[in-house]
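Fold and geometry: a report
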Amino acid sequence: MKGEEFVRRLKECQGPLYSFLTRLMGDQEEAREAMQTAILKAWESKNGFQGRSQFKTWLFRIAINVAMDMMREKKRLSFFGNGPPEQSYSWDSLQQRDERMRIQRALEALPERQRTALLLKIYGGLRYSEISKAMDLTEGAVKAHIHNALEKLREVLSRDDL
Amino acid sequence: MTCRDVQGRMLDALLGEAGLRERILLGIHLLKCKACRRERKQYWEVLRMIRADSPGPPGVDFEGLLGRPQKRPTPLWIWKVAVPVCALGLLMLTLWTTKPQDQLPPSLLHPTTVLEVLWGLDDGTWERVASELAPEGNLDIDGLLAESSLPGYEVLLTAVGGPPQSSTGGDRR
């Protein structure tokens, strides 16, 4: 793939990719770092992209692996006493912040695959078939993960409202 | 469609993964079933909360990150000339090739328009539409579907007062 083509496609994906990583990692700075790392990795292997899947799916797959590695490393470091990770949010009003923290907590309570699949759907805008390729799962499994995730979120968020 | 069938399909529809026919059948069920409408509203609310917080663009300098020189932007005057010329050309082509009888009759736009609008309604509006369709609360959609040989969405269209379509197969009773 030529460089200009790569950058053009990258610009089309940057919004959804950043939104996805921010929600997945819960921190905008870490999401930005993960995104840059993923872009560099994708750039290095762009000649290996053979068009068997969509560019967006391929890029998201790389980004998922990068994010997962970073989150595992962070967990490992926090185990050795580097302290709990700080969440950095940038919201306007207190009410908005409360709502978003509720959502973030509820999302973090989901199993990893359910959370990843759901965020790929909502923020990445990928279809079930694309998510199945990005996560190396069957479409049925992707659908089940997303449905179960939404069911859990509905229960948790409805309970909070009581 | 039973309430049990509805749940998974409702989520697919809310996530943009359901086809038109499925959304039509779901819409018909939702018109009848208050419990499923309530559930739909809850899922809608969850999705709204999740989607509400979408971080702004990251502002990454891709060219700088990848060590590539920035492209010079196209001069503005080219856009000021090219866009109107292309637009005029397209307009002339459209006028030249489109004949009045080639346009879709308005009735063919109704099913998708009506059902897309219905599907996007909030809970209160669903209730209002349902009560308008059957002011005495006795709308028998199953009966309508059983009696008619028309496809489901044409039945719904008839029920909401739109023009019936000519059936593609089978005789109308």
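Before going into details, it helps to say that this report is about the structure given with it. Just so we're clear, the structure is a prediction, and the values are computed from it rather than from any experiment. Per-chain numbering applies: the sequence of each chain, read as written, is numbered from 1 onward. As a convention, the first chain written is A and the first ligand written is 1, with the rest following in written order. With the structure being a predicted model, the display of local features is reserved for residues of pLDDT at least 70 and the display and counting of side-chain atom pairs for 80 or more, all residues being used for whole-chain, interface and lining totals. Excluded from the side-chain calculations are hydrogens and water; all other atoms, namely the structure's heavy atoms, are used.

**Focus: the overall build of chain A**
Test applied: Strands here mean DSSP runs of E at least two residues long; helices mean DSSP runs of H or I at least four residues long; both are numbered from the N terminus. Only protein chains enter the accessibility calculation, which uses a 1.4 Å probe; a residue whose area is less than 20% of its type maximum is buried, one above 50% is exposed, and one in between is partly exposed. We call two residues in contact whenever any of their non-hydrogen atoms come within 4.5 Å of each other. Note on areas: Shrake-Rupley with a 1.4 Å probe; residue coverage comes only from the protein chains shown.
Looking only at helices and strands, chain A features seven helices and zero strands. Its helices and strands in sequence order give chain A the pattern α-α-α-α-α-α-α, from N to C terminus. Scored against the burial criterion, the 162 residues of chain A give a buried share of 47%. Restricting the contact set of chain A to residue pairs at least 6 apart, pairs at least 24 apart contribute 69%. A total of about 8600 Å² of accessible surface is found on chain A, and carbon and sulfur atoms cover 47% of it.

**Comments concerning helix α1 (residues 3-25) of chain A**
Residue and element names in this part refer to chain A. As a reminder, the rule being used: Helix span is expected to be 1.5 Å times the residue number reduced by one. The term bend refers to the angle at a residue between two fitted axes, each drawn through seven residues, those ending there and those starting there.
When the terminal C-alpha atoms of α1 are compared, their 29 Å separation across 23 residues is substantially less than the 33 Å that a helix rising 1.5 Å per residue should span. The largest bend in α1 is about 45 degrees, located at C13, with the proline P16 one to four residues further on. Positive backbone phi, at 75 degrees, marks G26, one or two positions downstream of α1.

**Quick look at the interface of chain B and chain A**
Worth spelling out the cut-off: Buried area is calculated as the accessible area (1.4 Å probe) missing from two parts once they are joined, with the contributions of both summed. What makes a salt bridge here is a side-chain nitrogen of Lys or Arg within 4 Å of a carboxyl oxygen of Asp or Glu, nothing more. Counted as a polar contact is a pair of N or O atoms within 3.5 Å, where, for protein atoms, one must be capable of donating a hydrogen and the other of accepting one, and residues adjacent in sequence contribute only when both atoms are in side chains. Under the scheme applied, nonpolar residues are Ala, Val, Leu, Ile, Met, Phe, Trp, Tyr, Cys and Pro; charged residues are Asp, Glu, Lys and Arg; polar residues are all the others, including Gly.
Between chain B and chain A, the residue contacts involve 29 residues of the former and 39 residues of the latter. Between chain B and chain A the total buried area reaches about 3200 Å² when both faces are included, carbon and sulfur atoms providing 65% of it. Linking chain B with chain A are three salt bridges. With its nearest N and O atoms 3.2 Å apart, the salt bridge here joins B:E17 to A:R127. The tally of links from chain B across to chain A stands at 12 residue pairs in polar contact (both at pLDDT 80 or more). The set of elements that each furnish at least two residues to the side of chain B that touches chain A consists of α1 (3-14), α3 (34-52) and α4 (62-66) of chain B. Sorting elements by how many residues they give to the side of chain B that touches chain A places α3(B) first, with 10 residues. Its residues assigned to classes, the side of chain B that touches chain A shows 14 nonpolar, seven polar and eight charged.

**Overview of unusual backbone geometry**
All names here are of chain A. Phi at D136 is positive, roughly 60 degrees, even though this residue is not glycine. Counting through the fold element by element, D136 comes out in the loop between α6 (128-135) and α7 (139-160). The exposed category is assigned to D136, whose relative accessible area is 60%.

**What about the pattern of salt bridges?**
Enumeration over the complete set of coordinates arrives at 12 salt bridges over all chains. Through salt bridges with shared partners, a single network forms among A:E5, A:R8, A:R9 and A:E12.

**Considerations on the side chain of A:Q104**
By the secondary structure assignment, A:Q104 is in helix α4 (residues 94-108). Among the polar contacts listed, one links the side chain of A:Q104 to the side chain of A:R23, at a separation of 2.7 Å.

**Considerations on a nonpolar patch on the surface**
Operational definition: Candidate patch residues must exceed 30% relative accessible area and have no salt bridge, after which like charges are joined if within 9 Å and Val, Leu, Ile, Met, Phe, Trp or Tyr side chains if within 5 Å.
On the surface, B:W77, B:I78, B:V81 and B:V85 cluster together to form a nonpolar patch covering roughly 400 Å² of accessible area. As for its placement among the helices and strands, B:V81 is situated in helix α5 (residues 76-97).

**Things to note about the packing of aromatic side chains**
Residues and elements named next belong to chain A. Note the cut-off: Under the pairing criterion, centres of Phe, Tyr and Trp rings, with the six-membered ring standing for Trp, must be within 6.5 Å; the plane angle then separates stacked pairs below 30 degrees from edge-to-face pairs above 60, leaving the rest tilted. Charge-over-ring contacts are defined here by two conditions on Lys NZ or Arg CZ: a distance within 6 Å of the ring centre and an angle within 35 degrees of the ring normal.
Counting across every chain of the model gives four aromatic pairs over all chains. Measuring from centroid to centroid gives 5.5 Å for F20 and F60, while their planes differ by 55 degrees, and the two rings are tilted. With F20 in helix α1 and F60 in helix α3 (residues 55-82), the pair connects residues that are 40 residues apart, well separated along the chain. Taking the relative accessible area as the measure of exposure, F20 reaches 0% and is therefore buried. K121 extends its terminal NZ or CZ atom over the ring of Y128, reaching a point 5.4 Å from the ring centre.

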